[in-house]
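Take a look at the letters that make up each chain.
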Amino acid sequence: MDIAKELLAGNRLALSKAITAIENEYEEATDIMRQLYPHTGHAYVLGITGPPGAGKSTMTEKVAKAYRDQGKTVGIIAVDPTSPFTGGAILGDRIRMNSLTLDEGVFIRSMGTRGSLGGLSHKTADAVKALDAFGKDIIIVETVGVGQSEVDIVKAADTTVVVLIPGMGDDIQAIKAGILEIGDLFTVNKSDLDGADKLVKEINMMLDLDSLMTDWRPPISKVVASRGEGIDLLLADVEKHRSYIEGNGELNRRRTKRAKDELLDILSAGIEKRIKEKTEGRMDGFVESLKKRETDPYSLVSDLMGEMLK
Amino acid sequence: MSNEKIQEELAKYKASVEKAIARFPERDHLPEQRLYTPLDIKGDDYAEEISFPGVYPYTRGVQPTMYRGRFWTMRMYAGFSTAEESNKRYRYLIESGATGLSCAFDLPTQIGYDSDDPISEGEVGKVGVAIDSLADMEVLFDQIDLGKVSTSMTINAPASVLLAMYIAVAEKQGVAPDQLKGTIQNDILKEYAARGTYIFPPRPSMRLITNIFEYCSQNVPKWNTISISGYHIREAGSTASQEIAFTIADGIAYVEAAIKAGLDVDAFAGRLSFFWNAHNNVLEEVAKFRASRRIWAKIMKERFHAKSPKSMMLRFHTQTAGSMLTAQQPNNNIIRVALQTAAAVMGGTQSLHTNSRDEALALPTEESVMIALRTQQIVAYESGLADVIDPLAGSYYVEAMTDRIEKEAMEYIQKIDDMGGAVAAIEKGYIQKEIQDSAYKWQMDVESGARTIVGVNKFQIEEEPPKNLLRVDASVGEKQVKKLHDMKAKRDNEAVKAALADLKKACQDENENLMPHILAAVKTYATLGEICNVMREVFGEYEAHISL
Amino acid sequence: MEKKIRVLVAKPGLDGHDRGAKVIARALRDAGFEVIYTGLRQTPEQIAEAALQEDVNVVAMSILSGAHPHLFPKVVELVRGKGLTDALIIGGGVIPEGDIPALKEAGVAEVFTPGTNTADVVEFIKNNVKL
């Protein structure tokens, strides 16, 4: 199957295979991405993140449904952690999205963080592009927001929603440094529980303390995702943020920066790979001669660079 | 002998066996001690903790006479295929000496779908009888006097609808509702936690349950309105302590919901019953049954201030553990069931279903069911186990284990209370996770050989594939669908529409008791699916919380 | 290049007995697989579509209600119909020995009955999966 061509023609299996190629770093992935790239840049990318148990998957399902009601097509990438001990993962986000499975306008893909954390954000970004090229209007990237890697993943998003729930106690203190600063909007899920208003107050206080505040003040919505309550308010907030960043050129800046970061990422990955190839089997020798002071690292690098750029 | 003297002798004993015992391999599921002595129960106050049968805290049994008065109800769970087939099996069981009926419904019925719903495809009549409307229910109990028999129905999410159908059939037989005896399972919380046949979210489900409590206390006073079930929690892999802890936590939630709905605790608590599993470890199970009675009595008295002794008595049905039956060497299952029966009887059960040897393979054949029933009869009449009340009381080991299980269960119940109760704990996935962890540990123990299952990981033999398994006729689904369509063509569809519209309005008013409306609807031959769909529209559907 | 075995663990039909499915899901994870667990009451259509979107190497189904003669072949047919020609499809549950030949005929690669070790399932997948 010519994966890229079939994908662009609307073949869902090809889309699925393309993401597998990206995830598994197959040789053909680069070639596929090369063909898809010209067709990207149309989708709006939404990041949904928050601590475990915040109800992100249910939220994602309801948000996707709401977009479907507006006639938009949706792609979803749900990222779950891989066990560092076994390398395995249980990817359970789909359970909350079963009602979307048979909707042809929705495509859901679960991904494990696997070993390479740096690589993951790169892979998610490419998977987003595959969905984008496939023609999805809205792409939702859902991750558990606990570490830097997840924060990196949502950098691929145009608008990032941070989901919190009442009753996390001091947890909010612990996570505020991590994910609060990446939230373009906040939403308090399970807001029918005690403590929802208190949580809203706490988020507000933290936003007040944020010294890097631009003139965008992240709005805070209250929802009960399981019952679909408040999803319309959340979507309205997304829309507000979207017109804000579109209007003041921020979206353009974000995408420019993303393109640049990506270029540098791919470039350094390429160079790294090239270095590994070129120095294959020679590294030990280099190190030995350095130890014996037969040469110095500066001259060595200079020589190697010359050799590689030929 | 004084405690000091016992201590001294025990130390001597330990020193003498230490060397010899080191030769035996360690098995980590064994009790910590190899020997129990009076020292292990020295803290027990007989009057307060153990007492007499029929006396608080009912550790020794809920009735003063127990099996010296009459045996437990030998109740065989049965039902498959169509109402006609199941009716035949019920009449066979009654002729064979079964003293109560227990209806198994197929999965579409349990989840409130009609047999012609696309989602029912392949499932109609498989694990129980298919009931679409009152018409099927009439056939199911044809020539069975509902004024005489006591009927247990394993039905949960749509329990209100099946109970209404039962009341309507009885009415046609000329039996008044206040004469009806039986039980509906009606325990939705364990469906979320372990069994999986839920429909609506917790809030409206709890409303339906309290509606039934209220309606029955006024109209069907001999009916057991709920069977709070640990059976399926254990089947899903929990330990003995978890089984009673999670179930009693569910029980607390039901009592709280009913009190919140304005019912007086003594008006309904006497009709609450429980449903336990009888697992393989005979003595642990006996201790579990005893501990469960003591815990419930204390909770009802101290926490809910019940006044009536009936409210404090934990009465229970027991089923032998299906998950402990093996597909390998299935005749060995007869022995397992016999031991499980012994546990249930020594634990003082009020009724018992014994599984058949072939249930790890398929639905049981008539011959297998007969052996299972005979097992109960042999235990009752020949074994002597039913001759005295609570025969294991006073065993150092069993009393100590009763204390241990009570303590472990109370720790769980405390934890669940701290989370905001059973509903909150289920919504968080806490109970599910605890059960799964135990299930996984059990499986790993079996695979590593730490736990021996005869015929499965030890003493295996080459076997011929078993013969004579019961097969449900593949055409059952088609037949049932045709029956349903014929019925729909004959009924008064205007009356159905009106009844469903009325039910919908009642659903929207939280203060309305739904039972009379459901009863009115089933009498028009509105189908189970139609009634449940009206409720789905208003109440929504539950979405599972799964954390692995 | 980092190939991972991806397995869809599914419960077709209406039965709620998921002890086995969950134990298997965990055992497969502990064997280093990526397990997509879809929960209860999945129609064959939903299972096949999820298998496509997740591009899984294995579809593992569990049924305890006796609906397997109808549902297992249906899932096979739909999964193949989606173009997932290489996916290994296996089943488990309370399944009489006598039913197994017909299920295999229909394309179920292996059927695991009560008493199966999870390690045997892992082994079977490793030996038969096409990556």
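If you're wondering where the values come from, they're calculated on a predicted model, not measured in any experiment.

### Quick look at the overall build of chain A
Step number 1: Counting its secondary structure elements, chain A contains 12 helices and eight strands.
Step number 2: The buried share of chain A, taken over its 310 residues, is 51%.
Step number 3: If you take every contact in chain A between residues at least 6 apart in sequence, the share linking residues at least 24 apart comes to 74%.
Step number 4: Total accessible area on chain A stands at roughly 14900 Å², and carbon and sulfur atoms take up 55% of it.
Step number 5: Between the centroid of the 41 positive side chains of chain A and the centroid of its 49 negative side chains there is a distance of 1 Å.

### Looking at the interface of chain A and chain C
Step number 1: Taken together, the 30 residues of chain A in the interface contact 30 residues of chain C.
Step number 2: Here chain A and chain C share an interface that buries about 2600 Å² over both sides, 50% of which is from carbon and sulfur atoms.
Step number 3: Connecting chain A to chain C are six salt bridges.
Step number 4: Among the salt bridges present, the one from R94 of chain A reaches E54 of chain C, with a minimum N-O distance of 2.6 Å.
Step number 5: Our count for the chain A to chain C interface comes out at 21 residue pairs in polar contact (both at pLDDT 80 or more).
Step number 6: Of all elements in the fold, only α2 (12–23), β3 (89–91) and β4 (106–112) of chain A reach the threshold of two or more residues within the side of chain A that touches chain C.
Step number 7: Taken together, the residues of the side of chain A that touches chain C sort by class into 10 nonpolar, 12 polar and eight charged.
Step number 8: With three bridges connecting them, β3 of chain A and strand β2 (residues 34–37) of chain C associate as parallel partners. Its bridge partner lying in β2 of chain C, I90 of chain A is registered against V35 of chain C.

### Remarks on the pattern of salt bridges
Step number 1: Scanning the model with the defined rule gives 77 salt bridges over all chains in all.
Step number 2: In this structure, E406 of chain B engages R294 of chain B in a salt bridge whose closest nitrogen and oxygen atoms are separated by 3.0 Å. Taken together, the residues span a long stretch of sequence, with E406 of chain B in helix α16 (residues 396–419) and R294 of chain B in helix α12 (residues 282–303) at a distance of 112 residues.
Step number 3: Beyond isolated ion pairs, a larger network of salt bridges with shared partners links E23, R94, R109 and R114 of chain A together with R6, E34 and E54 of chain C.

### Description of the side chain of E110 of chain C
All names here are of chain C.
Step number 1: Structurally, the position occupied by E110 is in strand β5 (residues 110–112).
Step number 2: Within the structure, E110 has its side chain in polar contact with the side chain of K104 (distance 3.1 Å).
Step number 3: E110 has contacts with I89, I90, G91, K104 and F124, leaving out every residue within four places of it along the chain.

### Some thoughts on the packing of helix α7 (residues 188–195) of chain B against helix α8 (residues 202–219) of chain B
All names here are of chain B.
Step number 1: Here α7 crosses α8 at 140°, and the two axes come no closer than 9 Å. Between α7 and α8, the angle falls in the class oblique. Only P202, S205, M206 and I209 of α8 make contact with α7, whose side of the interface consists of I188, L189 and Y192.
Step number 2: Per-class residue counts for the contact of α7 with α8 are six nonpolar, one polar and no charged.

### A few points about the nonpolar core
Step number 1: Core analysis: the largest hydrophobic core is formed by 156 residues, its most contacted members being M137, M153 and I248 of chain B.
Step number 2: With near-sequence residues (within four places) excluded, M137 of chain B lies in contact with I131, M153, L162, M165, Y166 and V169 of chain B.
Step number 3: In terms of nonpolar packing, the next biggest core, distinct from the first, is built from 60 residues, I19, A29 and A133 of chain A together with L8 of chain C among them.

### Quick word on the environment of L102 of chain A
Step number 1: With respect to the element layout, L102 of chain A can be found in the loop between β3 and β4.
Step number 2: With 120 residues separating them along the chain, L102 of chain A and K222 of chain A place their C-alpha atoms 29 Å apart.

### Quick notes on the interface of chain B and chain C
Step number 1: Across the contact, 40 residues belong to chain B and 33 residues belong to chain C.
Step number 2: Roughly 3000 Å² is buried in total at the junction of chain B and chain C, and carbon and sulfur atoms are behind 56% of that figure.
Step number 3: When the buried surface of chain B facing chain C is broken down by residue, Y440, E447 and L548 of chain B rank first, second and third, together holding 21% of it.
Step number 4: Summed over the shared surface of chain B and chain C, the result is two salt bridges.
Step number 5: Here chain B and chain C share 13 residue pairs in polar contact (both at pLDDT 80 or more) between them.
Step number 6: A breakdown of the residues in the side of chain B that touches chain C according to their chemical character gives 21 nonpolar, nine polar and 10 charged.

### Observations regarding the confidence of the model for chain A
Step number 1: Within chain A, residue pLDDT values average 88, and 91% of them lie at 70 or more.
Step number 2: At the low end of the mean pLDDT range in chain A sits helix α7 (residues 171–179) of chain A, at 60; at the high end sits helix α1 (residues 3–8) of chain A, at 97.

### Things to note about α12 of chain B
All names here are of chain B.
Step number 1: Helix length check: α12 (22 residues) gives 31 Å between terminal C-alpha atoms against 32 Å at 1.5 Å per residue, within 8%.
Step number 2: α12 sits mainly inside the fold: 18 of its 22 residues count as buried.
Step number 3: Where α12 terminates, the next one or two residues include H305, which has phi positive at roughly 50°.

### Looking at the pairing of strand β7 (residues 272–278) of chain B
In summary, the side chains of a regular strand alternate between the two faces of the sheet.
Residues and elements named next belong to chain B.
Step number 1: In terms of residue burial, β7 counts as a mostly covered element, since seven of its seven residues are buried.
Step number 2: Neither face of β7 is left uncovered, since the one carrying L272, F274, W276 and A278 and the one carrying S273, F275 and N277 both have all their residues buried.
Step number 3: Where strand β6 (residues 226–229) lies against β7, four bridges are found, and the strand directions are parallel. Across the sheet, residue S227 finds its bridge partner in β7, namely S273.

### A closer look at the packing of α16 of chain B against helix α18 (residues 430–448) of chain B
All names here are of chain B.
Step number 1: The geometry of α16 relative to α18 is characterised by a closest axis approach of 11 Å and an angle of 150° between their N-to-C directions. With respect to α18, the axis of α16 lies roughly antiparallel. Here Y412, K415, I416 and M419 of α16 lie close against α18, whose contacting residues are Y430, I431 and E434.
Step number 2: Class assignment for the residues of the contact of α16 with α18 results in five nonpolar, no polar and two charged.

### Details of the sheet that holds strand β1 (residues 6–10) of chain C
Step number 1: Across the sheet, six strands lie side by side as β3(A)-β2(C)-β1(C)-β3(C)-β4(C)-β5(C); this open sheet has parallel pairing. Across the chains shown, the open sheet's two edge strands, defined by having one partner strand only, are β3 of chain A together with β5 of chain C. Strand-to-strand, the axes of this sheet are offset by a mean angle of 25°, without reference to chain direction.
Step number 2: Inspection of the sheet shows strand β3 (residues 58–63) of chain C paired to strand β4 (residues 88–93) of chain C by six bridges, in the parallel sense. Bridge pairing links M61 of chain C to G91 of chain C in β4 of chain C.
Step number 3: Here helix α3 (residues 68–81) of chain C sits on the sheet and contacts β3 and β4 of chain C; the angle it forms with β3 of chain C, its principal contact strand, is near 165°.

### A few points about the sheet that holds β7 of chain B
In sheet architecture, strand pairing relies on hydrogen bonds along the backbone and comes in two forms, parallel and antiparallel.
All names here are of chain B.
Step number 1: The parallel open sheet is built from nine strands, whose spatial order is β5-β4-β3-β2-β1-β9-β8-β7-β6. With partners counted over all chains shown, the strands left at the sheet margins are β5 (223–224) and β6, one partner each.
Step number 2: Pairing between strand β8 (residues 316–320) and strand β9 (residues 351–353): three bridges, direction parallel. The partner of H317 across the bridge, within β9, is S351.
Step number 3: Taken strand by strand, α12 contacts β7 and β8, and its axis lies near 160° from that of β7.
Step number 4: Sitting on the sheet, helix α14 (residues 332–346) is in contact with β7, β8 and β9, with an inclination near 165° to β8.

### Side note on unusual backbone geometry
Step number 1: Here the residue pair Y56 of chain B and P57 of chain B is connected by a cis peptide bond, since its omega of 0° sits within 30 degrees of zero.
Step number 2: Here P57 of chain B lies in the loop between α2 (46–50) and β1 (73–78).
Step number 3: At E25 of chain A, a position not held by glycine, the phi torsion is positive, near 55°.
Step number 4: Within the secondary structure, E25 of chain A is located in the loop between α2 and α3 (28–36).
Step number 5: The backbone of R293 of chain A shows a phi angle near 60°, a positive value even though the residue is not glycine.
Step number 6: Relative accessible area serves as the criterion here: at 68%, R293 of chain A is assigned to the exposed category.

So, how was this worked out
Residues numbered from 1 in each chain as written. Chains lettered and ligands numbered in written order. Predicted model: local features only at pLDDT ≥ 70, side-chain atom pairs only at ≥ 80, totals over all residues. Heavy atoms only, no water. Helix = DSSP H or I, 4+ residues; strand = E, 2+ residues; numbered from the N terminus. Buried < 20%, exposed > 50% of the residue type's maximum accessible area, 1.4 Å probe, protein only. Contact = heavy atoms within 4.5 Å. Areas by Shrake-Rupley, 256 points an atom, 1.4 Å probe, with all protein chains shown as cover. Lys, Arg positive; Asp, Glu negative; His and termini not counted. Charge placed at Lys NZ, Arg CZ, Asp CG, Glu CD. Buried area = accessible area lost by both parts, 1.4 Å probe. Salt bridge = Lys/Arg side-chain N within 4 Å of Asp/Glu carboxyl O. Polar contact = N/O pair within 3.5 Å; in protein donor to acceptor, adjacent residues only side chain to side chain. Nonpolar A, V, L, I, M, F, W, Y, C, P; charged D, E, K, R; others polar. Pairing = 2+ DSSP bridges. Axes fitted to C-alpha atoms, helices over the stretch in contact; angles between N-to-C directions. Parallel < 35°, antiparallel > 145°, perpendicular 65-115°, else oblique. Core = buried A, V, L, I, M, F, W, Y, C linked by side-chain atoms within 4.5 Å. pLDDT = per-residue confidence, 0-100. Expected span 1.5 Å × (residues − 1).

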